[in-house]
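What the coordinates show
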Amino acid sequence: MSQLMNNEALFQEALTHFPGGVSSPVRAFKSVGGTPKFFKRAWDAWFEDEDGKTYVDLCMSWGPLILGHANADILAAVNEAMQEGLTFGAPSRREVALARRIKAMVPHVEKMRFVSSGTEAVMSALRAARGFTKRDRILKFEGCYHGHSDALLVKAGSGLATFGEPTSAGVPKGFADLTVVVSLDDPEGLEQAFAKYGAELAAAIIEPIPANNGLLLQDLSFLKQLRELCTKHGTVLIFDEVISGFRVAPGGAAEIYGITPDMVTFGKIIGGGMPVGLYGGRKDIMGVVSPDGPVYQAGTLSGNPVAMAAGLATLERLTPAVYSNLNTQAERWAKAFEQIPGLHAPHMGSLIWPLFQSGVKRADRVESGAILQFNKMHKLLLDHGVYLPPSGYEVAFLSTAHGEQEFAHFEKGIQAVKGAFSA
Ligand SMILES: *Cc1c(COP(=O)(O)O)cnc(C)c1O
């Protein structure tokens, strides 16, 4: 009989199986230190680890779980779909129903294709944009994350408005050469990049609410400038709303800012906890996608009926009232965070970025001292049963399941740790 394995024992074995003991690097506690928590089971806004300790979860699987863990309605929908078959490799009614719901929430999605992750959605959107414009170069912003495909694991090279350099080994320099990298919150750099490369740019991609390097909220004028430059140069504007989509408003950041991109990518919430991604947008651009057009893109499990059921059950419950409640909650949780001396908690929708610094709009402006303070807070809050994403560069996520009881538990944790910090 195998003995029940606790957290540490599982991690020690995991280290023998997986690089860093994890299936995705952000799960390792490399930046905050310590051993990653192995989740045993999770419900609402809570989880229990393999040591039997319970936590209020502020990571929420990095975003998909806007209705909380193991939501009963989603589980019922998944169960029903499951009984009818796990995968067909053929069209089914659930993908049509989910597409209908998406169009009702996000009117600028005229045509779409389901894929299985955010990475895949972005990769495919770029290919469609390149096929449509018959151009090769793309433009991205430093500090925006778009998944791990080659062309996007790229940071700014030395000098303004130049080609990028790989941020990962294994990415050929040739791929990075096709990616122009611009700083966020830099209107002049953006202008220059388009002046130089505009005619060669197939697409410009941005997280309109950059939430993968902290929460680097941009000025509306900057996003408008990007929209105008793309229109002027015939460059496809792609909003990567894998995090912000269905999180900040029914129509995502596009709705909040009143800016319509040419294409959009979704992931996370759209699958309600199952692996789903989507790219879509203008129907003339999507017209290049196979089998209608020459851009090839396919997937054995794309439009998977069980995943579609989870996505649909989620989106059907996301009414305007849900967003206004979530936003009110976020306000309250952010305020509670700010009882810790020196901590600021900017937020947008139910995304909150607790950082010991304020007013950051660019990736290169995050100070290492602020991250060190975060690491200290992470550990202290963990001891008090509050689980934050294990990096100061990550945002915290609320869900509709973060209610009074959860807030009281969180607030107690804050009170317990705040004495350890000085402004
Ligand atoms: C999470 C994320 C991705 C990658 O999605 P995966 O499903 O992890 O591949 C891409 N873009 C943004 C903005 C994201 O937040």
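Residues numbered from 1 in each chain as written. Predicted model: local features only at pLDDT ≥ 70, side-chain atom pairs only at ≥ 80, totals over all residues. Heavy atoms only, no water.

Notes on the sheet that holds strand β8 (residues 179-183)
With respect to topology, seven strands assemble into an open sheet ordered β4-β12-β11-β10-β9-β5-β8, the strand pairing being mixed. Of all strands in the sheet, those bounded by a partner on one side alone are β4 (111-115) and β8. Going from strand to strand, the sheet's axes swing by 20° on average, the running direction of each strand aside. In this sheet, strand β11 (residues 263-266) lies alongside strand β10 (residues 236-240) in parallel orientation, the contact comprising three bridges. The partner of Ile238 across the bridge, within β11, is Met263. (Pairing = 2+ DSSP bridges. Helix = DSSP H or I, 4+ residues; strand = E, 2+ residues; numbered from the N terminus. Axes fitted to C-alpha atoms, helices over the stretch in contact; angles between N-to-C directions.)

Notes on the pattern of salt bridges
With the rule as written, the count across this model stands at 18 salt bridges. For Lys361, the salt bridge goes to Asp219, with nearest N and O atoms at 2.8 Å. Placement of Lys361 in the loop between β14 (351-352) and α12 (368-383) and of Asp219 in the loop between β9 (201-206) and α7 (220-233) is noted, with a sequence separation of 142 residues between them. Lys361 sits in the partly exposed class, given a relative accessible area of 28%. Salt bridges here are not isolated pairs; linked through shared partners, they connect Glu80, Glu84, Arg93 and Arg94. (Salt bridge = Lys/Arg side-chain N within 4 Å of Asp/Glu carboxyl O. Buried < 20%, exposed > 50% of the residue type's maximum accessible area, 1.4 Å probe, protein only.)

Describing the layout of surface pockets
Roughly 500 Å³ of volume is contained in the second largest pocket. Met112, Arg113, Phe114, Ser290 and Pro291 are, among the 18 residues lining the second largest pocket, the residues nearest its centre. Breaking the lining of the second largest pocket down by element, the ones donating at least two residues are α3 (93-105) and β4. Broken down by element, the lining of the second largest pocket gets its largest block of residues, four residues, from β4. Here the lining of the second largest pocket is composed, by residue class, of seven nonpolar, five polar and six charged. (1 Å grid on protein atoms, 1.4 Å probe; cavity = no way out; pocket = protein on both sides within 12 Å on 5 of 7 lines; lining within 4 Å. Points joined across faces, edges and corners; volume = space filled by probe spheres on them. Nonpolar A, V, L, I, M, F, W, Y, C, P; charged D, E, K, R; others polar.)

Here we look at the packing of aromatic side chains
One pass over the structure, following the stated rule, counts 14 aromatic pairs. Between Phe337 and Phe410 the ring centres are 4.9 Å apart and the planes differ by 70°, which places this aromatic pair in the edge-to-face class. In this pair, Phe337 is assigned in helix α11 (residues 320-337) and Phe410 in helix α13 (residues 404-417), connecting sequence segments 73 residues apart. Overall, Phe410 belongs to the buried group, its relative accessible area being 0%. One aromatic cluster in this structure is built from Phe29, Phe39, Phe47, Tyr55 and Tyr387. (Phe/Tyr/Trp six-rings, centres within 6.5 Å; stacked < 30°, edge-to-face > 60°.)

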